Amino acid sequence: LQTGDKKILIAYFSKTGTTLEVAKLIAAATNADLFEVKSLNSYPDEYKATTDKAKQEQNDNFRPELATKVDDMAQYDVIFLGYPIWWGTMPMAMFTFLEAYDFAGKTIVPFCTHGGSGLSRSMDDIKKLCPQAVVSEGLAIRSSGVKNAQNDITAWLRKLGYVQ
């Protein structure tokens, strides 16, 4: 999308498809490019095994290798960053993603899906990882409410100036 002359990318991590649903709604509203941040080694199918692995990665400050790469990050001015909240922040694959590119002068617009924790400390983590980026007001959507989130997403995008 060109909002004025700003090109927008939606980079998202979604294990179960919930965050992808939100990313698609934002993409539809903004006409942005969609990009999936995907770990080289996938997470287990079983919920507890996934949460255990996610917690271990966080405890170890581990950076999973990514299977996907943005071909030309320089062309984007605005990056919507989508992720589930795992143990109080975004999955460690998102840390890998944010460290892989230069976000200086770019705008990062976080959005997350969660089970009740809101954005938790993910906003602070993004600001630490990308100190030269402008980090916009984020949006937190309860995972159980994603199917009914269209109005909240539209209101948020309107407030930030990305849709009429």
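Worth saying up front: this structure is predicted, and the values here are computed from it rather than measured.

## A short note on the nonpolar core
Counting residues in hydrophobic clusters, the biggest one holds 33 residues, and the most contacted among them are Val 37, Met 73, Leu 81, Tyr 83, Phe 97, Leu 98 and Phe 103. When contributions to this core are tallied by element, the ones reaching two or more residues are β2 (6–12), β4 (78–84), α3 (92–100), β5 (107–114) and α4 (122–129). Here the element with the most residues in this core is α3; it accounts for six residues. Not counting residues within four places of it along the chain, the set of residues in contact with Val 37 comprises Ala 11, Tyr 12, Phe 13, Leu 66, Thr 68, Ala 93, Met 94 and Phe 97. Counting residues in hydrophobic clusters, the runner-up holds 21 residues, among them Val 22, Val 109, Leu 139 and Ile 141.

## Quick notes on the pattern of salt bridges
Evaluation of the coordinates by the stated rule reveals seven salt bridges. Across the pair Lys 7 and Asp 33 runs a salt bridge, and its minimum N-O distance is 3.3 Å. Of the two residues, Lys 7 sits in strand β2 while Asp 33 sits in strand β3 (residues 33–36), which places them 26 residues apart along the sequence. By relative accessible area, Lys 7 is classed as buried at 18%.

## Regarding the packing of helix α1 (residues 18–30) against helix α5 (residues 150–160)
Two numbers describe how α1 lies on α5: the axes approach to 10 Å, and their chain directions differ by 50°. With respect to their mutual orientation, α1 and α5 come out oblique. Crossing geometry of α1 relative to α5 is assigned as right-handed. For the pair α1 and α5, contact is made by Val 22, Leu 25, Ile 26, Ala 29 and Thr 30 and by Gln 150, Ile 153, Trp 156 and Leu 157, respectively. When its residues are assigned to classes, the contact of α1 with α5 shows seven nonpolar, two polar and no charged.

## Focus: unusual backbone geometry
The backbone of Asn 31 sits at a positive phi, close to 60°, despite the residue not being glycine. On the secondary structure map, Asn 31 appears in the loop between α1 and β3. At Asn 61, a position not held by glycine, the phi torsion is positive, near 55°. Here Asn 61 shows up in the loop between α2 (47–59) and β4.

## So, the side chain of Ser 39
By secondary structure assignment, the location of Ser 39 is in the loop between β3 and α2. What makes Ser 39 buried here is its relative accessible area of 7%. When neighbours within four sequence positions are excluded, Ser 39 is seen to be in contact with Phe 13, Pro 64, Glu 65, Leu 66, Ala 67 and Ala 93.

Conventions used here
Residues numbered from 1 in each chain as written. Predicted model: local features only at pLDDT ≥ 70, side-chain atom pairs only at ≥ 80, totals over all residues. Heavy atoms only, no water. Core = buried A, V, L, I, M, F, W, Y, C linked by side-chain atoms within 4.5 Å. Buried < 20%, exposed > 50% of the residue type's maximum accessible area, 1.4 Å probe, protein only. Helix = DSSP H or I, 4+ residues; strand = E, 2+ residues; numbered from the N terminus. Contact = heavy atoms within 4.5 Å. Salt bridge = Lys/Arg side-chain N within 4 Å of Asp/Glu carboxyl O. Axes fitted to C-alpha atoms, helices over the stretch in contact; angles between N-to-C directions. Parallel < 35°, antiparallel > 145°, perpendicular 65-115°, else oblique. Left-handed = near helix turned anticlockwise from the far one by under 90°. Nonpolar A, V, L, I, M, F, W, Y, C, P; charged D, E, K, R; others polar.

Keep in mind these numbers describe shape, not what the thing actually does.
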